[in-house]
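Descriptive analysis of the structure
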Amino acid sequence: MRPNELSKEHLSFPSITRETLEKLTYQKYGDSPTIRSYTKWKLFEENSPLTLPTEAKAGEGRIRANVLFSGSESKFDLPEGVEVEEGTLGLSRPEESRILGFHFYALKRGYRLRITKDLLEPLVIVSHLSEKAFVSHHLSIEAENVNVPIIIYEISEKGAKSLVVELRLKNAEAEILTIGNHTSLSHYLLRATLGDGAKVRAFTIVKGGKMSHHREDYSLEGIKSELILRGMPIGIGSAVDYLTNVLQYGEESKSETKVNGYSHRKGWVVHRGVAKVFEKARGSSSEVSSHVIIMDEGSLGVSVPMLEVDTGEIETASHSSSVAQFDEDALFYLRSRGLTREEALSLFVHSIGEALSDHLERLKAKARSNIIELIKDLL
Amino acid sequence: MSERSRLEEILKAGSLEEILGTAVPYPKEIELKGRISRSIIEELSKIKNEPEWMFRHRLKALELFEKLPMPKWVVGVEELDLENLVLYTKPELEKEVKDWDDLPENIRKTFERLNIPEIEKKFLSGLTAVFDSESVYSQLKDEFEKKGIVMLPMEEAVRKYPDVVKRYFGKIFPAGEHKFSALHHALWSGGAFVYIPKGVRVPFPIEAFFVIGSALEGQFEHTLVVADEGSYVHFIEGCSAPMYKGFSFHDGMVEIYAHKNATVKFTTIQNWSRNVINFNNKRAIIEENAYVEWIEGSIGSKITYTYPASVLKGNNARTAQYVVSLSNGPFLKDTGAKSVHVGKNTSSKIVSKSISANGGINIYRGLVRIGKGAKNSTATVSCDSLILDEESRAYTYPHNQNDEPTANIIHEATIGKLSEDKLFYLNARGISEEEAKSLIVLGFISEILEGLPFEYVEVLKKVIELEFSEVGGVG
């Protein structure tokens, strides 16, 4: 089937009535102490599209973007080989949860990009809100037989912003750098399906706002599809609930998730990493490692790495997690070699940032400059 | 069979269920069934001749049971028809039971088949045997009674030591936690009360053995262990049931209070038959410098939910939780452990080993919470899962929450298949596949077997061997 024919099915985005929305819950299993979500949903309830306006003026954008969502405005400045039309890929539905219900309820337009050529420059996507409103942005990306670097900037300064990115890759390689820098409420969902031979290297750094719910779902459906995911959620007097879900269906698929979070000045950092290997995914391997560092008193760190394996024919499946302070022995070592505590700490955080972004090729430098910018307040 | 050890017979049998055979109907003095209501509770309380405060406790729990929602994440419970279950059964006992011989033959035989009387004689300090809803046998060796150790059926303790029981009963694991804890508190019957006085060390384990003798039966036994300052006790809990049609439901509770410097070891070897849905509520409160160790072996049952929990209340309190679960066949084990750190310098260790075979599902669900002020506390969690074939599954859901910057939580988990080269190695040395599988499994859990009394390890080993020989003929 040609992509053109596919798109007609989902030309408009799925909608939801207020009545249906009222019935939705945030989480199906909200009553289980082990799988309960840590997002402070109450804040979203108070700042929902039912209480706030769903339109906002555009703010001042300082970043040059190919796709710019600011307030209710959308602007496109696309390179050769990228086409845009209205619609979605249909990978997310409003009935899934109350927060997605809000997203679609407030959504005015959804856009869909098709990438048909290798991109030399990274595709820059910006989603921004600077007014007290609940605004939704929705972007779908399709890529086949190409190599694409994508940078997503997410900035929520006031009100509540919701961004959903849908991604479908086939025989394509993608590098995805996501930079979230929030002060108010934000909801983010990336939902990606990786077909045969698709490879994704992703790095996410999110500095939470009042409450940031940041979720990334990757579905490895194709044979030999691969995902390397690195994340750095940071809470400095703010809260971030970072969720990574990796579902493996494809034979010999591979996934590797590594998250290092920092919780500082009454910060709130939660990482929930799910890796599920389905019965079909024979000979696959899956790894999750989740570490949250609590930097001072009053800060909270939670790490929930979940592993579900449905096949005995597994190559490797493991996870590790820790919630701890900085390694005092290592700090002492550096200090005994003449570094001050601050210098030693800075060295640590920077080198963890560097290690986490090391798998990127074309976006490495961009990732590192953003790490330096966002971890400034940690030190 | 002569007077010789029955251990040998158990070790030779095809399966533990086989030893117990099919359930035989037995004379019952009283049987309560029907909708769980005030009148049932009234009747139950009257039969037990309980004091008013306990009756009120049950009514309060019933109210909570009606109010609390059914947990959504629990699967398999929908198969249970609570209204169709016999909520209380009292086996007919002709006289006061002082000895095994005083028990009706069928009940005595059930326990004899499991070798319980012999184990009691050889290496236990005391034993309580519970058949359906009632404790039918409870004996403590004289020498220990003299030291002030108390071991009684729970009902008797309620009447004899109301002040002590009131102080702890339902305080460690309150009725309002969830629907099934409320149900338990409303209907509890049977179980053991153990009190170890200050500074007393009980050299041999105390055991409680539970048997569900008939189908469509609900067992709600309550065990309370109070270890006073500086005392030591090892409590072993065994569970078994013969084969029958229809389901039975087990919703038991264990409460442990370890006072300053006390040590409590609590071992459960659960081997219900495949018709039992097993829901367990276990929690310990651990005071300063005290230590509680849980060993939870889940082998039988259709579905098991059990998460022994330790609340480290005092400074320097410690706990270790060892969880072994085996799901062989289309059964589900949802097990794990919980530890909550409140005191300073507390430490907890969770080791979970699960084995899934022939379509079995194992779920590890754990919770570690370090609260503010639990300075310098450490928690380590490691869970390993072994999947023996393609149809089986293993899930891990750990939850680590830390509110204290000077504390650490470290967690590690691996899920692996049975490695072909290990099997091949053993095969090449003339060991059949079934034998090799049970050897590998035993090696996998050896770390946990180490702390158990020898006789138990032997039985446990046999159970595991049987589990695998069932699949492909005895090796």
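Provided above is the structure to which this section pertains.
From a predicted model like this one, the values you see are computed outputs, not experimental measurements. (Residues numbered from 1 in each chain as written. Chains lettered and ligands numbered in written order. Predicted model: local features only at pLDDT ≥ 70, side-chain atom pairs only at ≥ 80, totals over all residues. Heavy atoms only, no water.)

For the rest of this paragraph, the subject is the packing of helix 6 (residues 341–356) of chain A against helix 7 (residues 364–375) of chain A. Residue and element names in this part refer to chain A. For the pair helix 6 and helix 7, interaxial distance at closest approach is 10 Å and the crossing angle is 145°. In terms of crossing hand, the pair formed by helix 6 and helix 7 is right-handed. In contact with V349, H350, G353 and E354 of helix 6, helix 7 contributes R368, I371, I372 and I375. (Axes fitted to C-alpha atoms, helices over the stretch in contact; angles between N-to-C directions. Helix = DSSP H or I, 4+ residues; strand = E, 2+ residues; numbered from the N terminus. Left-handed = near helix turned anticlockwise from the far one by under 90°. Contact = heavy atoms within 4.5 Å.)

Before going further, it helps to examine the interface of chain B and chain A. Counting from both sides, the interface comprises 39 residues of chain B and, opposite them, 41 residues of chain A. Between chain B and chain A the total buried area reaches about 3,300 Å² when both faces are included, carbon and sulfur atoms providing 48% of it. There are four salt bridges connecting chain B and chain A. E390 of chain B serves as the salt-bridge partner of R282 of chain A, at 3.2 Å between the closest nitrogen and oxygen. At the surface where chain B touches chain A, the tally comes to 20 residue pairs in polar contact (both at pLDDT 80 or more). Within the residue set of the side of chain B that touches chain A, elements represented by two or more residues are strand 21 (361–370), strand 23 (393–402) and strand 24 (408–417) of chain B. A total of ten residues in the side of chain B that touches chain A trace back to one element, the largest contributor, which is strand 23 of chain B. In terms of residue class, the side of chain B that touches chain A is built from 15 nonpolar, eleven polar and 13 charged. Here seven bridges tie strand 19 (residues 314–324) of chain A to strand 24 of chain B, and the two strands are oriented antiparallel to one another. Within strand 24 of chain B, the position partnered with V323 of chain A by the bridge is I409 of chain B. (Buried area = accessible area lost by both parts, 1.4 Å probe. Salt bridge = Lys/Arg side-chain N within 4 Å of Asp/Glu carboxyl O. Polar contact = N/O pair within 3.5 Å; in protein donor to acceptor, adjacent residues only side chain to side chain. Nonpolar A, V, L, I, M, F, W, Y, C, P; charged D, E, K, R; others polar. Pairing = 2+ DSSP bridges.)

Structurally, E142 of chain A is set in strand 6 (residues 134–144). Judged by relative accessible area, which is 9%, E142 of chain A ranks as buried. (Buried < 20%, exposed > 50% of the residue type's maximum accessible area, 1.4 Å probe, protein only.)

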